[in-house]
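Structural description and commentary
If you want the building blocks of each chain, they are given just below.
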Amino acid sequence: MERTHSEDYKAETKIAKLSLKAQNNIIDNLFDFIKKLSIKEETEWGNYYDKTNYNDAAFQGKKTLIEDWVTALNPQRLIDIGGNDGTFARTVVTKVPHVIVTDIDSNAVGYNYKQIQQNKETNMLAFVCDVLQPAPGIGLNNSERSSLVERLKGYSPDVTMALALIHHITLSGNVPFDRSAQFFAAFSKHLILEFPTREDSWVSSLLVRKREFMNHFDFYNQEAFEAGYKQYFDIQKKETVPGTKRVLYLLKNKG
Ligand SMILES: C[S@@+](CC[C@H](N)C(=O)[O-])C[C@H]1O[C@@H](n2cnc3c(N)ncnc32)[C@H](O)[C@@H]1O
């Protein structure tokens, strides 16, 4: 088409006549078709809550800690990064006027979206985001659409949650602690971060996959984590999730 019309400098287009009713029919048909589409692909974290490495009591213990800590902060806006299908954000959704849940896994986000629709949770928004590659600014001068980080600064969440995400950022993403701390500090007032220790089975398996480079990741420990995060945050609370090898931190931005 492009080749055939490349010399068409007059750009005289034949206008096809289509009634408003016919146009509306096309839109309706398109909408019905899209509505029935479903994704038929497996993703790594789509069914995460069927394969967690902690038992029901630990799961409940983590929920309770989060509910208590979040409620005490009385936030107006909260974002859960790496929040999978919103399971933990949902523990506080009735207490926080606006909640965002993002995750890299489109199936988990899709499932969350459906739950939001079913539960009529008008104060919850779910979207896909790879925290290692957050959407950049685009358009002329990169200023037509702001970057995700700029938007999050504007959103200014009172609480950011990053639960069992730090090992992915640090070990899969090769990001030093002070750099991830700097990222969270750019938009977070309070940060609730769950740190799986080296003894946690998911962490062990990520470390084993480093093979001969495993020693380069000896820094993945609580001491180094705290040193990195203390550059940007004060540690307000720190508690082991009962029955797990994971530590929950409540951090307050120093800025
Ligand atoms: C161990 S699960 C924890 C899920 C949830 N936060 C919780 O505590 O139950 C890790 C989550 O991080 C997500 N994740 C992994 N890498 C990510 C990335 N680069 N950006 C955003 N999310 C990521 C996974 O899809 C998964 O949902």
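For the structure, check the block above.
Residues numbered from 1 in each chain as written. Predicted model: local features only at pLDDT ≥ 70, side-chain atom pairs only at ≥ 80, totals over all residues. Heavy atoms only, no water.

What follows covers the sheet that holds strand β4 (residues 159–163). Read across the open sheet, the 7 strands follow the order β3-β2-β1-β4-β5-β7-β6; overall the sheet is mixed. Each edge of the open sheet carries a strand with a single partner, namely β3 (124–128) and β6 (233–240). Mean inter-strand twist for the sheet, computed between neighbouring axes without regard to direction, equals 15°. Sheet topology note: the β4/strand β5 (residues 190–196) ladder contains 5 bridges and is parallel. Looking across to β5, one finds that Thr-160 is bridged to Leu-191. Against the sheet, helix α4 (residues 106–119) makes contact with β2 (98–103) and β3, and its axis sits at roughly 160° relative to β3, the strand it touches most. (Pairing = 2+ DSSP bridges. Helix = DSSP H or I, 4+ residues; strand = E, 2+ residues; numbered from the N terminus. Axes fitted to C-alpha atoms, helices over the stretch in contact; angles between N-to-C directions. Contact = heavy atoms within 4.5 Å.)

Turning to the side chain of Thr-197, a few remarks are in order. Topologically, Thr-197 is positioned in the loop between β5 and α8 (201–208). Of note is the side chain of Thr-197, whose polar atom sits 2.8 Å from the backbone oxygen of Lys-245. Once you skip the residues sitting within four places of it in the chain, Thr-197 turns out to touch Val-203, Tyr-220, Gln-222, Lys-245 and Val-247. (Polar contact = N/O pair within 3.5 Å; in protein donor to acceptor, adjacent residues only side chain to side chain.)

Let us look at the packing of aromatic side chains. Per the stated rule, a full pass over the model turns up 13 aromatic pairs. Centre to centre, the rings of Phe-177 and Tyr-220 are 5.8 Å apart; their planes meet at 40°, and the pair counts as tilted. In this pair, Phe-177 sits in helix α7 (residues 177–185) while Tyr-220 sits in the loop between α8 and α9 (222–229), placing the two residues 43 residues apart along the sequence. Of the two residues examined, Phe-177 and Tyr-220, each falls in the buried class. Between Phe-217 and Phe-219 the ring centres are 6.0 Å apart and the planes differ by 35°, which places this aromatic pair in the tilted class. Owing to a relative accessible area of 10%, Phe-217 belongs among the buried residues under this scheme. On the basis of relative accessibility, which here comes to 29%, the residue Phe-219 falls in the partly exposed class. An aromatic cluster is built from Phe-177, Phe-195, Phe-217, Phe-219, Tyr-220, Phe-225, Tyr-229, Phe-233 and Tyr-249, whose rings are joined through pairwise contacts. Over the ring of Tyr-155 we find Arg-77; its NZ or CZ atom is 6.0 Å from the centre of that ring. (Phe/Tyr/Trp six-rings, centres within 6.5 Å; stacked < 30°, edge-to-face > 60°. Buried < 20%, exposed > 50% of the residue type's maximum accessible area, 1.4 Å probe, protein only. Lys NZ or Arg CZ within 6 Å of the ring centre and 35° of its normal.)

Taking a probe equal in size to a water molecule and rolling it over the atoms shows the remaining empty space. For the second largest pocket, the calculated volume is near 420 Å³. Lys-35, Leu-37, Ser-38, Ile-39, Ser-106, Asn-107, Gly-110, Tyr-111, Tyr-113, Lys-114 and Gln-117 together form the lining of the second largest pocket. The element that contributes the greatest number of residues to the lining of the second largest pocket is α4, accounting for 7 residues. In the lining of the second largest pocket, the residues fall into 4 nonpolar, 5 polar and 2 charged. (1 Å grid on protein atoms, 1.4 Å probe; cavity = no way out; pocket = protein on both sides within 12 Å on 5 of 7 lines; lining within 4 Å. Points joined across faces, edges and corners; volume = space filled by probe spheres on them. Nonpolar A, V, L, I, M, F, W, Y, C, P; charged D, E, K, R; others polar.)

In short, shape yes, function no, at least from these values alone.
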